[in-house]
Amino acid sequence: MGMLPPRGSGGSRKLSFRRRAVNGGYATKPLVCGAGVIMKIQVRESDPVDAMGDSLAILLPESEKLPRTLRALDAVMDGWLTRYLKTESFRGKSGEVVTFPAVGIKAKYISLIGLGKEKTIDNEALRAAASKAAKNAAKLKATRATLVLPSLRKPKGPELGQAVAEGAILGTYRFDQYREVEEPPAELKQLDLILSSKGQAAAVKRGVDVGSKIADATCWARDLSNQPGSVHTPEWLAKEARAEAKTSGLKVKVLGPKDLERESMGGILAVGRGSINPPRLIVFEYGEPAKSGRKRPTIALVGKGITFDTGGISIKPSAAMHEMKHDMSGGAAVFGAMRAIAELKLPLHVVGIVAAAENKPGADAYLPGDIVKSASGKTIEVLNTDAEGRIVLADALHYAQCFEPDAILDLATLTGACVIALGSACCAVMGNDEALATKIRAAGDRCRERVWPLPLWDEHKKAIRGDVGDIKNTGGREAGTSTAGAFLSHFVGETPWAHLDIAGTAWTNSSQPYCVKGATGFGVRLLVELLRQWK
Ligand code: BES
Ligand code: MN
Ligand code: ZN
């Protein structure tokens with residue numbers, strides 16, 4: 001990288017350069033996560049007048065009455081809060097924000113943030129409002145901010161703390177590693193939460209701790225997916241995994257091409273053959289099947305880790321191809337979930353398996369018409385090299401069975417058909433176990449990473465019967481998501497299994513309440529919510 005021009009030599013445009021260690025234009029160090037990691041969230045029961053933050057935000061349900069806990073603050077402010085609530089300028093409607101200069105307290109600004117009607121307030125509303133508050137504080141250049149939480153009948157306690165922490169951390173996430181940000185928002189390093197009802201601090205704190213860990217892991221997953229394809233190669237992901245093992249107490253094993261050959265993993269090897277970046281099977285392990293004599297459930301999480309999907313020889317159109325750098329988002333969700341599970345010390349044995357490969361049309365690329373032998377022994381007739389995710393997953397799902405798991409869950413940006421069928425409001429679930437799918441749906445409703453079932457029937461299995469091999473890797477245009485699910489069902493044996501197609505939810509092209517354009521980290525919250533309540 002060349003030297004930067006001298007600064008401050010004219011013009012009023014203030015640029016702040018945040019340079020990183022670079023090598024050939026790309027960062028090579030293991031990443032520090034998004035803003036989340038450095039945000040410390042504390043819980044207090046003090047009076048808002050004594051707030052120590054540079055800015056003070058107050059979450060308010062729709063009402064004209066000033067909450068009792070704000071009376072002292074209102075007095076210092078010469079009645080300004082009461083006046084705001086009595087005028088049209090602030091109603092407390094969801095999404096509403098007003099900011100005005102503060103007097104008589106340490107903070108320079110006060111912001112009122114609407115939560116909507118009290119009976120409509122849920123975790124999602126709190127996440128969105130906390131995100132607004134944190135983004136607003138960052139915009140006001142606060143490095144330490146205070147957030148006053150209302151006294152609600154629900155959510156309260158741990159749920160309140162978790163939702164607020166998730167919203168604040170996920171909402172301020174940015175992927176700014178590669179750009180010179182003009183007037184970057186000040187780094188918000190500390191957020192003090194002030195509670196308006198007594199005796200809840202310990203419970204809220206517990207929730208904040210859980211929410212911070214989950215949000216941190218989600219930011220990591222976003223970071224991994226947002227990296228360019230030329231950076232987050234299979235080996236780069238393996239390096240990230242090994243670095244994680246050093247700091248988290250997770251065990252990590254990486255299988256390279258030689259190991260994959262020894263395991264007869266013809267699927268992942270075939271997909272990776274067109275690239276000079278050879279494939280890896282990355283295996284995390286947390287906990288053990290039995291602890292002090294008591295058996296623990298074993299769960300296998302499997303992620304599609306296509307580090308870039310050009311389509312291979314069946315090459316994709318170029319228009320949105322750049323987005324295919326996030327085709328390893330299922331894998332990223334597994335990375336994030338493994339980190340969170342270890343941080344939260346869940347009483348489970350969890351194996352995380354990521355099949356990482358780059359799908360490219362190279363000199364040695366696999367071809368349409370090829371017949372590939374998967375680790376299970378079943379042969380796959382390749383009709384389209386762009387249906388590569390299911391081929392790498394075939395080997396990863398088969399491998400998962402060595403751990404004799406009680407359940408296998410896979411996450412994959414598997415089909416464009418899923419984006420058409422369900423859009424971005426939910427992911428699809430399919431599998432061989434109704435009860436498991438129902439459990440996942442319920443977890444999705446609770447954490448707001450929602451899930452909707454699609455069928456996986458004999459009709460779909462029939463559509464992928466091979467002509468010259470055991471199964472074809474596409475079943476034509478009809479029911480593309482279900483036939484992809486049917487393909488995967490061949491590789492899980494009798495194990496209860498659920499497949500999540502996250503093609504529509506892993507990436508967003510528009511800013512969401514607590515997610516900017518880019519990778520969403522979808523799946524981390526869902527998996528953690530599911531496994532925290534696993535029985
Ligand atoms: N990674 C894509 C699916 C995808 C599309 C993910 C859009 C996210 C957004 C997958 O590998 C793919 O190319 N699937 C093909 C399968 C087809 C060839 C049977 C598809 O959906 O078009
Ligand atoms: Mn593809
Ligand atoms: Zn793909």
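Above this note sits the structure.
Residues numbered from 1 in each chain as written. Chains lettered and ligands numbered in written order. Predicted model: local features only at pLDDT ≥ 70, side-chain atom pairs only at ≥ 80, totals over all residues. Heavy atoms only, no water.

Undergrad: I'm lost on the coordination of the manganese ion (ligand 2) in this one. Help?
TA: Four donors placed tetrahedrally about a metal ideally form angles of 109.5 degrees, and six donors placed octahedrally ideally form angles of 90 or 180 degrees. Bound to the manganese ion (ligand 2) are the protein donor atoms Asp309 (OD), Asp386 (O), Asp386 (OD) and Glu388 (OE), situated 2.1 to 2.2 Å from the metal. One chain supplies every donor for the manganese ion (ligand 2), spaced along it as D-x76-D-x1-E. Taken as a pair, the manganese ion (ligand 2) and the zinc ion (ligand 3) show a spacing of 3.1 Å, with Asp309 coordinating each metal. In this pair, Asp309 sits in strand β11 (residues 298–309) while Glu388 sits in the loop between β14 (379–381) and α10 (389–400), placing the two residues 79 residues apart along the sequence. (Donors = N, O, S within 2.8 Å, 3.2 Å for Na, K, Ca; no water. Helix = DSSP H or I, 4+ residues; strand = E, 2+ residues; numbered from the N terminus.)

Undergrad: How should I be thinking about empty space enclosed by the protein in this particular structure?
TA: The probe, sized like a water molecule, is rolled over the atoms to show the empty space still left. Inspection of the entire model under this criterion finds one cavity of 30 Å³ or more. A volume near 40 Å³ is recorded for the largest cavity. What lines the largest cavity is simply Ala221, Arg222, Ser225, Ser329, Ala332, Ala506, Ala519, Thr520, Gly521 and Phe522. Within the residue set of the lining of the largest cavity, elements represented by two or more residues are α5 (201–226) and α9 (329–344). In terms of residue count, the dominant contributor to the lining of the largest cavity is α5 (three residues). Looking at the lining of the largest cavity residue by residue, the classes come out as five nonpolar, four polar and one charged. (1 Å grid on protein atoms, 1.4 Å probe; cavity = no way out; pocket = protein on both sides within 12 Å on 5 of 7 lines; lining within 4 Å. Points joined across faces, edges and corners; volume = space filled by probe spheres on them. Nonpolar A, V, L, I, M, F, W, Y, C, P; charged D, E, K, R; others polar.)

Undergrad: Honestly, the site of ligand 1 in this entry has me stumped. Any pointers?
TA: If you check the shell around ligand 1, you find 15 residues, and the closest are Lys316, Asp327, Asp386, Glu388 and Gly416. One of the side-chain nitrogen or oxygen atoms of Lys304 is found 3.2 Å away from an oxygen atom of ligand 1. Within the backbone of Gly416, a nitrogen or oxygen atom sits 2.7 Å from an oxygen atom of ligand 1. Its free accessible area being 520 Å², ligand 1 has 78% of it covered by the protein chains. Taken together, the residues that form the shell around ligand 1 break down as three nonpolar, five polar and seven charged. (Near = heavy atom within 4 Å. Polar contact = N/O pair within 3.5 Å; in protein donor to acceptor, adjacent residues only side chain to side chain. Areas by Shrake-Rupley, 256 points an atom, 1.4 Å probe, with all protein chains shown as cover.)

Undergrad: Please clarify how the environment of Val283 should be interpreted in this entry.
TA: Looking at the element boundaries, Val283 is found in strand β8 (residues 280–286). Judged by its relative accessible area of 6%, Val283 falls in the buried class. Considering only alpha carbons, one finds Val283 and Lys253, 30 residues apart in sequence, at a separation of 5.1 Å. When near neighbours in sequence (up to four residues on either side) are disregarded, Val283 contacts Lys251, Val252, Lys253, Leu255, Val351, Gly352, Ile353, Tyr399 and Phe403. (Buried < 20%, exposed > 50% of the residue type's maximum accessible area, 1.4 Å probe, protein only. Contact = heavy atoms within 4.5 Å.)

Undergrad: What should I look at first to understand α10 in this one?
TA: Since the α-helix turns once every 3.6 residues, residues separated by three or four places project in the same direction. A rise of 1.5 Å per residue sets the reference length of α10, with its twelve residues, at 16 Å; its end C-alpha atoms lie 16 Å apart and thus fit the reference within 8%. Within α10, eleven of the twelve residues are buried, leaving the element largely enclosed by the surrounding structure. (Expected span 1.5 Å × (residues − 1).)

Undergrad: Sorry, what's going on with the sheet that holds β8 here?
TA: Remark on secondary structure: sheet strands pair via backbone hydrogen bonds, oriented parallel or antiparallel. As summarised here, the arrangement of the eight strands in space is β7-β8-β12-β11-β15-β19-β16-β17, forming an open sheet in which the pairing is mixed. Strands at the two margins of the open sheet, each flanked by one partner only, are β7 (251–255) and β17 (451–453). For this sheet the average axis-to-axis angle between neighbouring strands, irrespective of direction, equals 20°. The pairing of β8 with strand β12 (residues 349–359) spans seven bridges and is classified as antiparallel. Counterpart to Ile282 in the pairing with β12 is Val354. Packing against the sheet, helix α14 (residues 480–489) makes contact with β15 (407–412), β16 (427–431) and β19 (497–501), and its axis sits at approximately 145° to β19. (Pairing = 2+ DSSP bridges. Axes fitted to C-alpha atoms, helices over the stretch in contact; angles between N-to-C directions.)

Undergrad: What am I meant to see in the nonpolar core here?
TA: One broad rule of soluble globular proteins: the nonpolar side chains tend to lie buried together. Judged by nonpolar contacts, the single largest core of 57 residues is most densely connected at Ile282, Leu301, Phe335, Ile440, Leu500 and Leu531. The greatest single-element share of this core, amounting to ten residues, is contributed by α9. Once residues within four sequence positions are removed from consideration, Leu531 is found in contact with Ile299, Leu301, Ile341, Leu346, Leu348 and Val350. Among the nonpolar cores identified, the runner-up in size contains 47 residues, and Met265, Leu281, Ala357 and Cys418 belong to it. (Core = buried A, V, L, I, M, F, W, Y, C linked by side-chain atoms within 4.5 Å.)

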